[in-house]
Amino acid sequence: MKDLLLNYLKEHGPSSVDTIAKALEVATSTGFRDLIKIIAQLDNKGVLWFNDQGDISLKEAKKKKEAVLIEGIFRANRAGFGFISIDGEEADLFVSRQDTANAIDGDRVKVSIKKVANRLSDSSAEAEIVEIVERSIKTVVGSFVPSTEKNGFIGYIKSKNQKISQKIYLKKTPLVLDGTEVLKVTISSYPTKEADYFIADITDIIGHKGEVGIDVLEVLESMDIVSQFPEEVINQANSISEKPDKKDYLGRIDLRDEITFTIDGADAKDLDDAIHIKALDNGNFELGVHIADVSYYVTENSPLDKEALSRGTSVYVTDRVVPMLPEHLSNGICSLNPNVDRLTLSAIMEINPKGKVVHYQIAPSVINTTFRMTYSDVNQMIAGDEELLQTYSAIKDSVEQMVILHDRLEKMREKRGSLNFDTTEAKIIVNDKGFPIDIAVRDRGLSERMIESFMLAANECVAEHFAKLELPFIYRIHEEPKAEKVQKFIDYASVFGVKIQGTANKITQTALQEFMKNIKGQPGSEVLSMMLLRSMQQARYSEHNHGHYGLAAEYYTHFTSPIRRYPDLLVHRLIREYETVSHEKIDHFNHLIPEIASQSSQLERRAVDAERTVESMKKAEYMSAYVGEEFDGIIGSIVKFGMFVELPNTIEGLIHVTNLPEYYHYNERGMLLQGEKSGKVFRVGQPIRVKLVNADKETGDIDFEYLPSDFDVVEKRMKVEKNHRRRSKTKEKKPLTKHGEKKANKQSLDKKIAKAIPKKKGEKIKYKEVIKKGGGHGKRRGKTRRSK
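What counts as what
Residues numbered from 1 in each chain as written. Predicted model: local features only at pLDDT ≥ 70, side-chain atom pairs only at ≥ 80, totals over all residues. Heavy atoms only, no water. Helix = DSSP H or I, 4+ residues; strand = E, 2+ residues; numbered from the N terminus. Buried < 20%, exposed > 50% of the residue type's maximum accessible area, 1.4 Å probe, protein only. Contact = heavy atoms within 4.5 Å. Axes fitted to C-alpha atoms, helices over the stretch in contact; angles between N-to-C directions. Parallel < 35°, antiparallel > 145°, perpendicular 65-115°, else oblique. Left-handed = near helix turned anticlockwise from the far one by under 90°. Patch = residues over 30% accessible without salt bridge, like charges linked within 9 Å, V, L, I, M, F, W, Y side chains within 5 Å. Areas by Shrake-Rupley, 256 points an atom, 1.4 Å probe, with all protein chains shown as cover. Salt bridge = Lys/Arg side-chain N within 4 Å of Asp/Glu carboxyl O. pLDDT = per-residue confidence, 0-100. Arc of directions from axis to C-beta. Polar contact = N/O pair within 3.5 Å; in protein donor to acceptor, adjacent residues only side chain to side chain.

Novice: Would you explain the overall build of the protein in this entry?
Specialist: Along the protein, the regular secondary structure elements total 20 helices and 34 strands. Here the protein, with 788 residues, has 44% of them falling under the buried criterion. In the protein, the share of contacts with a sequence separation of at least 24, taken over all contacts with a separation of at least 6, comes to 64%.

Novice: Which parts of the structure should I look at to understand the packing of helix H12 (residues 483–495) against helix H14 (residues 525–535)?
Specialist: To describe two helices that pack against each other, one gives the angle between their axes and the distance between the axes. It is at 9 Å that the axes of H12 and H14 come closest, and there the two elements cross at 165°. Relative to H14, H12 is oriented roughly antiparallel. Classified by chirality, the crossing of H14 by H12 is left-handed. Residues Lys-485, Phe-489, Tyr-492 and Ala-493 of H12 form the contact with H14, whose participating residues are Val-527, Leu-528, Met-531, Leu-532, Arg-534 and Ser-535.

Novice: What is the right way to read a nonpolar patch on the surface from this model?
Specialist: On the surface, a cluster of nonpolar side chains totalling about 240 Å² of accessible area is made up of Ile-429, Phe-435 and Ile-437. By secondary structure assignment, the location of Phe-435 is in the loop between strand S22 (425–430) and strand S23 (436–442). Residue classification places Phe-435 among the partly exposed residues on the basis of a relative accessible area of 33%.

Novice: For this particular structure, what's the right way to read the confidence of the model for the protein?
Specialist: Scored by pLDDT, the protein comes out at a mean of 85, with 87% of its residues at no less than 70. pLDDT under 50 marks residues 717–746. Its contacts with residues more than four places away, or in other chains, come to three contacts. Every residue in residues 748–788 is under pLDDT 50, and counting partners more than four places away or in other chains gives 22 contacts.

Novice: Is there a simple way to think about helix H6 (residues 303–311) in this case?
Specialist: Residues lying three or four places apart along an α-helix face the same way, a consequence of the helix completing one turn every 3.6 residues. Residues of H6 that are buried: Leu-304, Asp-305, Glu-307, Ala-308 and Arg-311. Angular distribution of buried residues about the axis of H6 spans 165°; they occupy a single face of the element. Residues of H6 that are buried in the fold lie against helix H5 (231–238), strand S18 (320–322), helix H7 (327–333), helix H15 (566–577) and helix H16 (583–623). In the segment just after H6, Gly-312 is the residue with positive phi, at about 80°.

Novice: Where do I start with the side chain of Thr-650 in this structure?
Specialist: The residue Thr-650 is located in the loop between strand S27 (642–646) and strand S28 (652–656) in this model. Of the polar contacts made by the side chain of Thr-650, one reaches the side chain of Lys-619; its length is 3.0 Å. Excluding residues within four positions of it along the chain, Thr-650 makes contact with Thr-424, Ala-426, Ile-439 and Lys-619.

Next up, the structure:
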């Protein structure tokens, strides 16, 4: 009868009860009574309603508001939950394990908001993944495990990607496998609710377990960082002459008579920048920065160009380099080797005593370098090494002038607010079998800083030139830090007793400079510098000029490394193409540059991830020989689940809270852990004694155990003694009777509840009334704790 009633109203619209009864043929007393009951039920449920005439009609169903979907990148955690990173958003969105919709780390997804962020309680927004737009993982590399646990498959692969928790089963293949293989596979099917596993086809055998370098190769291949070049790319590279032809010199400034030289690391093979320097009669300096003219050989849309764009950057890991360009170019015709003619693009700048560029020329050129210098040799020349000064007497004056000009440029950048993050870097030294035998801390001498100064000057000069021409261009930008991260850092610094001028919404580079000066040489200064660096945004490439916050530069690009970075190669191409400007060229590059900027930024992050992954793996492998040994370290960071300790050689490991001898309270604002019974306090920057208990090469995890030492700090006992002294000075009160104690407790509770519960002016809330309403002191206390 209910269905008949609803269908009738849907078809005929508002009708009286009598009309409906007749239509449904329920005019009898029993049938009519049933109809009335059904109408009453549907009225209570809000399905029907009576209008002013007493007729019944269906209530129009409220249209559901379409959920606003947000697109972002899913970042998975090993535990199953994850976060959504959204461009331009203040904070990531949290996604619980049951709301991931089987998304994988790096997937582009659409999400709907389940819960908005609450800044008062410091809880982040929560989201649910509703659609997977694009899969991040299409190929996977891992060790083959033969298995018959699932019918139709020959086994599965064990991937190094710890964020893939599901198994990757392999389809049958005519290949004969023995279980030692490291395979590259292509995913054909992704996990679903019904089948929580991947299915894949074998595409390549990367190598076999135990082979030299297979561990690093596995990491690189798993990120689609491929060492080998396609045949057509190699053929094009090999077709290029090993030395320039006379026709190649046409239209170039001839700088072969200038005293030019390169300064690089001792093991560098791709020398892409050289300099010359001259003191001018007017007190200024002429600085020439000469960069290998890679774009002359790598033409747009050629096989070499397409491959370079797909790689984005060279990748440097421990004992090898995966180059952006084939060696015939990177170590040959494009490398500025000594005493041979090389084609270059030059930025020749006249710089005044204040470090300002007053005149410049950007043009194709040809050079012939005098020496191939190393940072070490130049540092020793600056220190006065007589033998080296004699050996390289031809550039002795140039080195002296470099020191003066660098000082001017450094002071100029410092004055405008440039931030100098002098972080410690490590070089992992491996033997011929790829095993790490030492970890050396890299020293950054004056020669390294001088070359950096000159490259920065050239990059700024080129960027400003094209920004003022208002032509399509690619910039290297570094935006202002986000307020939320700045606030966290300000809170963090206050724990150390260091104040920072400014607010989270607006903090100047000069204020941060002053902060870094104040902490220099102080305990925990390196940790604070690292925390400041982490509060900054990531630099990236863009078609829009937003300046560079860290350098306090209004204009900035990457011009100086076209052998190893595609954006630099593009800048060179733009310099050449804009010798004649046309609407067609402007339209072409307006369309092209945004995509290249975005892709180059992503590939740069992939390279950084690969370098960090290999570094963690090799550091853990190195430390595996020292399990059980004791070390002195510094607490680098403190989190809810423990503290990370850094050793002087940059090794970092975790002391998990479960491995501490007692329960430790985590104070997020104070960035500390405090023992409940002992009162021991662990703070960031504090020295600590540890024992190495685990070093896992596969995961890159290093675990320490805390050891009691003279470094330990106890604070709780001091506070207890202080309070005890205060109590002893107060007048002793008479003990309360049982009735008096009960009354005092009740009054105390009333006061606490009165403060905790919002009420109108003049309204009084009694303890008993709160209990009756389902409130109560215990619940209120719990809520207060959570809000804190």
